[in-house]
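Residue-level structural notes
Here are the chains, one letter per residue:
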Amino acid sequence: MNSFESQFYPFPVENRFQFAPYNMLTPAHPYDFQPQEFQYFVVIDFEATCDKDKNPYPQEIIEFPSVIVSSVTGQLEACFQTYVRPTCNQLLSDFCKDLTGIQQIQVDRGVTLSEALLRHDKWLENKGIKNTNFAVVTWSNWDCRVMLESECRFKKIWKPPYFNRWINLKVPFHEVFGGVRCNLKEAVEMAGLAWQGRAHCGLDDAKNTARLLALLMHRGFKFSITNSLMWQTNDGSLTWNQFPERIFLPPHQLHKQMDLQNSIFQYHPSCFCGVKSSKGMVRKPGPKQGSVFFGCGNWTVTRGARCHFFEWAFTTA
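Small disclaimer: the values here were computed from a predicted structure and weren't measured.

Brief notes about the overall build of the protein chain
Looking only at helices and strands, the protein chain has seven helices and 17 strands in total. The burial tally for the protein chain puts 49% of its 317 residues in the buried class.

Points about the pairing of strand β14 (residues 292-295)
Bridge count for strand β13 (residues 278-281) against β14 is four bridges, and the pairing is antiparallel. The residue of β14 that forms the bridge with Met281 is Val292. Across three bridges, the pairing between β14 and strand β17 (residues 310-312) is antiparallel. What sits directly across from Phe294, in β17, is Glu311.

Points about the packing of helix α5 (residues 170-177) against helix α7 (residues 202-218)
Their axes nearest at 11 Å, the elements α5 and α7 cross at an angle of 45°. Viewed along their axes, α5 and α7 adopt a mutual orientation that is oblique. Classified by chirality, the crossing of α7 by α5 is left-handed. Between α5 and α7, the residues in contact are Pro172, Phe173, Val176 and Phe177 and Leu212, Leu215 and Leu216, respectively. Within the contact of α5 with α7, the residues separate by chemical class into seven nonpolar, no polar and no charged.

Notes on the state of the cysteines
Two cysteines joined by a covalent bond between their sulfur atoms form a disulfide. If you walk through the whole model with that rule in mind, you get zero disulfides. No disulfide involves Cys50; its sulfur sits 3.8 Å from that of Cys96, the nearest cysteine. Since its relative accessible area comes to 11%, Cys50 is described here as buried. Overall, the relative accessible area of 0% leaves Cys96 in the buried class.

Some thoughts on the environment of His218
With respect to the secondary-structure elements, His218 resides in helix α7. According to the relative accessible area criterion, His218 is buried, its value standing at 18%. For His218 and Gly74, which are 144 residues apart along the polypeptide, the C-alpha to C-alpha distance reads 8.0 Å.

Quick notes on the pairing of strand β7 (residues 76-83)
Burial runs high along β7: seven of the eight residues are buried. Where strand β6 (residues 61-70) lies against β7, seven bridges are found, and the strand directions are antiparallel. Opposite Phe64, over in β7, you have Thr82 as the bridge partner. The hairpin turn running from β6 into β7, its antiparallel successor, is five residues long, and Gly74 in that turn takes a positive phi close to 80°.

Observations regarding α7
With 17 residues, α7 ought to run about 24 Å at 1.5 Å a step, and its terminal C-alpha atoms sit 24 Å apart, in line with that. Counting buried positions along α7 yields 17 of 17 residues, so the element is predominantly enclosed. Taken from the residues just after α7, Gly220 is the one with a positive phi, measuring 90°.

Thoughts on the confidence of the model for the protein chain
For the protein chain, per-residue confidence averages 78 on the pLDDT scale, and 71% of positions sit at 70 or higher. With pLDDT under 50 throughout, residues 1-31 is counted as low confidence; its partners more than four residues away or in other chains account for 77 contacts. Ignoring residues within four places in sequence, the model shows residues 231-266, a span with pLDDT below 50, making 79 contacts including any to other chains.

A short note on the sheet that holds β17
Pairing is antiparallel in the open sheet, where three strands are placed in the order β13-β14-β17. Whereas interior strands pair on both sides, the edge strands pair on one side only; in this sheet they are β13 and β17. Each neighbouring strand pair of the sheet contributes to a mean axis angle of 30°, computed without reference to strand direction.

Topic: the side chain of Gln104
In this fold, Gln104 is placed in helix α2 (residues 104-108). A polar contact is formed between the side chain of Gln104 and the backbone oxygen of Gln90, at a distance of 2.8 Å. Residues within four places of Gln104 in sequence aside, it is in contact with Gln90, Leu91, Leu92 and Lys97.

Some words on the nonpolar core
Ranked by internal contacts, the top residues of the largest apolar core, which has 33 residues, are Phe41, Leu212 and Phe223. Looking at this core, the elements that each hand over two or more residues are β4 (40-44), β6, β7, β8 (134-138), α6 (184-190) and α7. Ranked by the residues each element gives to this core, the list is headed by α7, at nine residues. Ignoring any residue separated from it by four or fewer positions in sequence, one finds Leu212 in contact with Trp139, Leu169, Phe173, Leu184, Ala187, Val188, Ala191 and Leu193.

How each quantity is defined
Residues numbered from 1 in each chain as written. Predicted model: local features only at pLDDT ≥ 70, side-chain atom pairs only at ≥ 80, totals over all residues. Heavy atoms only, no water. Helix = DSSP H or I, 4+ residues; strand = E, 2+ residues; numbered from the N terminus. Buried < 20%, exposed > 50% of the residue type's maximum accessible area, 1.4 Å probe, protein only. Pairing = 2+ DSSP bridges. Axes fitted to C-alpha atoms, helices over the stretch in contact; angles between N-to-C directions. Parallel < 35°, antiparallel > 145°, perpendicular 65-115°, else oblique. Left-handed = near helix turned anticlockwise from the far one by under 90°. Contact = heavy atoms within 4.5 Å. Nonpolar A, V, L, I, M, F, W, Y, C, P; charged D, E, K, R; others polar. Disulfide = S-S within 2.5 Å. Expected span 1.5 Å × (residues − 1). pLDDT = per-residue confidence, 0-100. Polar contact = N/O pair within 3.5 Å; in protein donor to acceptor, adjacent residues only side chain to side chain. Core = buried A, V, L, I, M, F, W, Y, C linked by side-chain atoms within 4.5 Å.

Put into structure tokens, the structure is as follows:
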């Protein structure tokens, strides 16, 4: 049995699933939360392959943690964690191992990203969360908009649609504490909480994000979706893909999404490698002549584009 801050895991830490009743706030804090739009929050914080000077391409998720927080009590109700085996760049750099604490043997014994997504989805179902009104919560937009989206596209992996919209906790944190730039650990400490665990351990980062979420709930903040993904299909209909940084569609506004058709793609989305895309137009005669598209913005004439990102823009016709 392993205990950590009143959390009890009935099996060793390296096992896949962890369940932990957890008091997010001290007894001195009464539960005076505002009623929330969501019944639960699912907090995630992926760790991915990286290196000191240049990240490997493509970056791949190597730790998949998730924690469930009740919107009624603010308590962390359960934890999920699995290590993910990279398939493109299988050897972790020394920098990555030092930063995350994840060792080569852990990812070698891990599952593929596709299997991790399926296990996480089944875990939410078993915990009775999947069919409730819940929201994914992250610290920054990197986890859902850049990392998970780009790897799933690159490897043609299905991902559950609930990862296509999320709450970037940076947004409400800045509303409550001011617009100061800070990382997660600095934000936790700025909020008056003591950091718990190891920084850049995905599960510990997710738990600390959950504690920050509970504190903001305690201060009366009512959460809503801050970011989403949208794209245009071949028949011209609108479905999930990247939105601009500050545009979001709460559930009660989804029926209005077509009204945004002429304005959404006035921005440059991030491509698979995370940089701002470049805008182009089809000049070759044919049915697509004059159509605007976005491609990888990290390219040179000699070596071409760094990645194969491509996305059509909406026409104004």
